[in-house]
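So you can see what is in the structure, the chains are spelled out below.
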Amino acid sequence: MEVKVLDINGKDTGRKVQLADSVFAIEPNNHAVYLDVKQYLANQRQGTHKAKERAEVAGSTRKIKKQKGTGTARAGSVKSPVFVGGGRIFGPRPRNYSFKLNKTLKRLARKSAFSIKAKESSILVLEDFNFETPNTKNFINVLKALGLENKKSLFVLGDSNKNVYLSSRNLKSSSVITSSELSTYAILNTNSLVLLEGSVEGIVENLSK
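Residues numbered from 1 in each chain as written. Predicted model: local features only at pLDDT ≥ 70, side-chain atom pairs only at ≥ 80, totals over all residues. Heavy atoms only, no water.

Novice: Mind showing me how you'd approach the packing of aromatic side chains here?
Specialist: Aromatic ring pairs are reported here in terms of the distance separating the ring centres and the angle at which the planes meet. Per the counting criterion, the structure on display carries 4 aromatic pairs. Ring centres of F24 and F114 lie 4.9 Å apart, and the angle between their planes is 50 degrees; on these two criteria the pair is classed as tilted. A residue pair is termed long-range when its members are at least 10 positions apart, and F24 in helix α1 (residues 21-24) and F114 in helix α3 (residues 103-119) qualify at 90 residues. Ring centres 5.0 Å apart and planes at 55 degrees place the aromatic pair F139 and F155 in the tilted group. Of this pair, F139 sits in helix α4 (residues 136-146) while F155 sits in strand β4 (residues 153-157), and the two are 16 residues apart along the sequence. (Phe/Tyr/Trp six-rings, centres within 6.5 Å; stacked < 30°, edge-to-face > 60°. Helix = DSSP H or I, 4+ residues; strand = E, 2+ residues; numbered from the N terminus.)

Novice: What am I meant to see in the packing of α3 against helix α7 (residues 197-207) here?
Specialist: How two helices sit against one another is set out by the angle between their axes and by the gap between those axes. Orientation of α3 relative to α7, taken along the N-to-C sense of each, is 140 degrees, at an axis distance of 10 Å. The angle between the axes of α3 and α7 places the two elements in the oblique class. Across from R107, R110, K111 and F114 in α3, the residues of α7 making contact are I203, N206 and L207. Class assignment for the residues of the contact of α3 with α7 results in 3 nonpolar, 1 polar and 3 charged. (Axes fitted to C-alpha atoms, helices over the stretch in contact; angles between N-to-C directions. Parallel < 35°, antiparallel > 145°, perpendicular 65-115°, else oblique. Contact = heavy atoms within 4.5 Å. Nonpolar A, V, L, I, M, F, W, Y, C, P; charged D, E, K, R; others polar.)

Novice: Is there a simple way to think about the sheet that holds β4 in this case?
Specialist: Strands in a sheet are paired, the pairing made by backbone hydrogen bonds, and the direction either parallel or antiparallel. Spatially, the 6 strands line up as an open sheet ordered β2-β1-β3-β6-β4-β5, and their pairing is mixed. The strands lining the two open edges of the sheet, one partner per strand, are β2 (12-18) and β5 (174-178). The average angle at which neighbouring strand axes cross in this sheet is 30 degrees, direction not considered. Across the sheet, α4 touches β1 (2-6), β3 (123-126), β4 and β5, and the angle it forms with β4 is around 110 degrees. Across the sheet, α7 touches β1, β2, β3, β4 and β6 (192-196), and the angle it forms with β6 is around 95 degrees. (Pairing = 2+ DSSP bridges.)

Novice: What is the right way to read the pairing of β2 from this model?
Specialist: As a general feature of sheets, a regular strand has side chains that alternate between the two faces. Of the pairings in the sheet, the one linking β1 to β2 comprises 4 bridges and is antiparallel in character. Paired with L6 across the strands is D12, a residue of β2. Counted between consecutive antiparallel strands, the loop separating β1 from β2 contains 5 residues, among which G10 sits at a positive phi close to 80 degrees.

Limitation: the analysis is restricted to geometry and does not speak to function.
Given below as structure tokens:
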């Protein structure tokens, strides 16, 4: 599929870029997308949750009353989970939530995500640009020219560009990453995907291995 290339003023440059059908026009595999997004979110979890169990709470281990003849249930120490201040039964423990997926499935998921965005006409191709110094106002002007000032957008660079990245860092609705940092979650978690002209070749190359 062919997409016109825009400049930072939102005007057509007269050039077009070819987006490979093998990446941007496949039949989306929803289950692959689900698994890749699930893995991404699982990897964000610290897993440091912890509750004290019976052996860890402070308290005496003395048997608080005799075993029989009280007319109530048997009871051991005050650290028993049935008492206020006692340990928690089967409480959360630190754990690692991450899990593995093979590379073929992850590539399929990213291709599916790109294809979903292409079907929604949510992909823009922008000519490569740079700022002399980090300037948030200049980046906002680019967003306004593209009609993205009120939309969640993701700019994908071919190579790292410190000035462009720093110019966007204070904006909640817009973010800048390189093509090597792309994930299925990042692609889907945006309203408009802005590919810089220099990133297209790298994206296709990475997903065609």
